[in-house]
Amino acid sequence: MAFYAAFALLIVNRRVGLLVMGAWALVALVNYHYPAENARTAWSVYTSAYALFFMFGMGAYLLYRRGVGGAFALVAGLAVVVAGIGLSRPLGDLAPLLVAAGFAAALLGATTLERRGHVNVPDWFVFLGNASYSIYLTHLACEGLLLKVAMRLH
């Protein structure tokens, strides 16, 4: 909910919203951590590196709106993802950040190519993309429900 409140500030007052988002990103960088699932609190999640993932997505969107991106962003982003996964052991907790940045760049590149007409996306893929936010919002609840059903069925 904190992300949506901060994002609403961007809509109501861009300067205040940018200040809040920038401060939040700074707190997440200074307090860089990924809280264990059994130790998560609202504060530990809001101040964790997960907040930076939202920032990457917002940054990719801003670049997309400015017409930046294309094949280079797509290929470079995928290379960063592969590097982040391949170097996950030596990078430790920095690997997820690298992978998230790579995915943001790859998404920027792919969406820019689509907008320019260089990529034809099948309708079923567009449908899945349109549903992705709903899936994101409901996946944990569905996962919990399905796990309970599976446990009852042994």
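Conventions used here
Residues numbered from 1 in each chain as written. Predicted model: local features only at pLDDT ≥ 70, side-chain atom pairs only at ≥ 80, totals over all residues. Heavy atoms only, no water. Helix = DSSP H or I, 4+ residues; strand = E, 2+ residues; numbered from the N terminus. Buried < 20%, exposed > 50% of the residue type's maximum accessible area, 1.4 Å probe, protein only. Polar contact = N/O pair within 3.5 Å; in protein donor to acceptor, adjacent residues only side chain to side chain. Contact = heavy atoms within 4.5 Å. Phe/Tyr/Trp six-rings, centres within 6.5 Å; stacked < 30°, edge-to-face > 60°. Expected span 1.5 Å × (residues − 1). Patch = residues over 30% accessible without salt bridge, like charges linked within 9 Å, V, L, I, M, F, W, Y side chains within 5 Å. Areas by Shrake-Rupley, 256 points an atom, 1.4 Å probe, with all protein chains shown as cover. Salt bridge = Lys/Arg side-chain N within 4 Å of Asp/Glu carboxyl O. Core = buried A, V, L, I, M, F, W, Y, C linked by side-chain atoms within 4.5 Å. Arc of directions from axis to C-beta.

Colleague: What should I look at first to understand the side chain of serine 44 in this one?
Modeller: With respect to the element layout, serine 44 can be found in helix H3 (residues 42–46). A relative accessible area of 14% places serine 44 in the buried class. Polar side-chain contacts of serine 44 include one of 2.9 Å to the backbone nitrogen of threonine 41. Non-local contacts of serine 44, meaning those with residues more than four positions away in its chain, are made with His33, Pro35 and Ala39.

Colleague: Can you walk me through the packing of aromatic side chains in this structure?
Modeller: Ring pairs (aromatic) are described by centroid distance and by the angle formed between their planes. Using the criterion set out here, one finds 12 aromatic pairs in the structure. For the pair tyrosine 34 and phenylalanine 53, a centre-to-centre distance of 6.2 Å together with 45° between the ring planes defines the contact as tilted. Within this pair, whereas tyrosine 34 is found in the loop between helix H2 (14–30) and H3, its partner phenylalanine 53 is found in helix H4 (residues 50–65), the two being separated by 19 residues in sequence. Look at tryptophan 124 and phenylalanine 125: their rings are 5.2 Å apart centre to centre, the planes differ by 75°, and that puts the pair in the edge-to-face class. A relative accessible area of 58% means that tryptophan 124 is categorised as exposed. What makes phenylalanine 125 partly exposed here is its relative accessible area of 45%.

Colleague: Please explain H4 as it appears in this structure.
Modeller: Helical periodicity: at 3.6 residues per turn, an α-helix aligns residues three or four positions apart in one direction. Between its first and last C-alpha atoms H4 spans 24 Å; for 16 residues at 1.5 Å apiece the expected length is 22 Å, and the two agree. Every buried residue belonging to H4 is among Ala51, Leu52, Met55, Met58 and Ala60, and all of these are buried. On the buried face of H4, the contacting elements are helix H1 (2–12), H2, H3 and helix H7 (95–115).

Colleague: Explain a nonpolar patch on the surface here, please?
Modeller: A grouping of Met1, Tyr4, Tyr46, Phe54, Tyr133, Tyr136 and Leu137 is seen on the molecular surface, where their side chains present a nonpolar patch of about 750 Å² in accessible area. By relative accessible area, which is 36% here, tyrosine 4 ends up partly exposed.

Colleague: So what exactly am I meant to see when it comes to the environment of alanine 101 here?
Modeller: Turning to its location among the elements, alanine 101 is positioned in helix H7. C-alpha of alanine 101 to C-alpha of phenylalanine 53: the two residues are 48 residues apart in sequence and 7.6 Å apart in space.

Colleague: Explain the side chain of threonine 112 here, please?
Modeller: Its location among the elements puts threonine 112 in helix H7. Threonine 112 gets classed as buried once you look at its relative accessible area, which sits at 0%. Within polar-contact distance, the side chain of threonine 112 engages the backbone oxygen of leucine 108 at 2.7 Å. When neighbours within four sequence positions are excluded, threonine 112 is seen to be in contact with Tyr64, Val68, Gly69 and Gly70.

Colleague: Explain the nonpolar core to me, please; I cannot follow it from the model alone.
Modeller: Buried together is how nonpolar side chains tend to be arranged in soluble globular proteins. Membership of the largest hydrophobic core comes to 14 residues, with the highest contact counts inside it found for Phe3, Met21, Trp24, Leu52, Met55 and Met58. The set of elements that each furnish at least two residues to this core consists of H1, H2 and H4. Dropping the residues within four chain positions of it, tryptophan 24 is found in contact with Ala2, Phe3, Ala6, Tyr46, Ala51 and Met55.

Colleague: Sorry if this is basic, but what is going on with H1 here?
Modeller: When H1 is considered as a whole, its buried residues turn out to be Phe3, Ala6 and Leu10. Considered in projection along H1, the buried side chains sweep an arc of 70° and stay on one side of the axis. Facing away from the buried side of H1 by more than 90 degrees, the exposed set consists of Ile11 and Val12. The inward-facing, buried residues of H1 contact H2 and H4.

These figures capture arrangement, not role.
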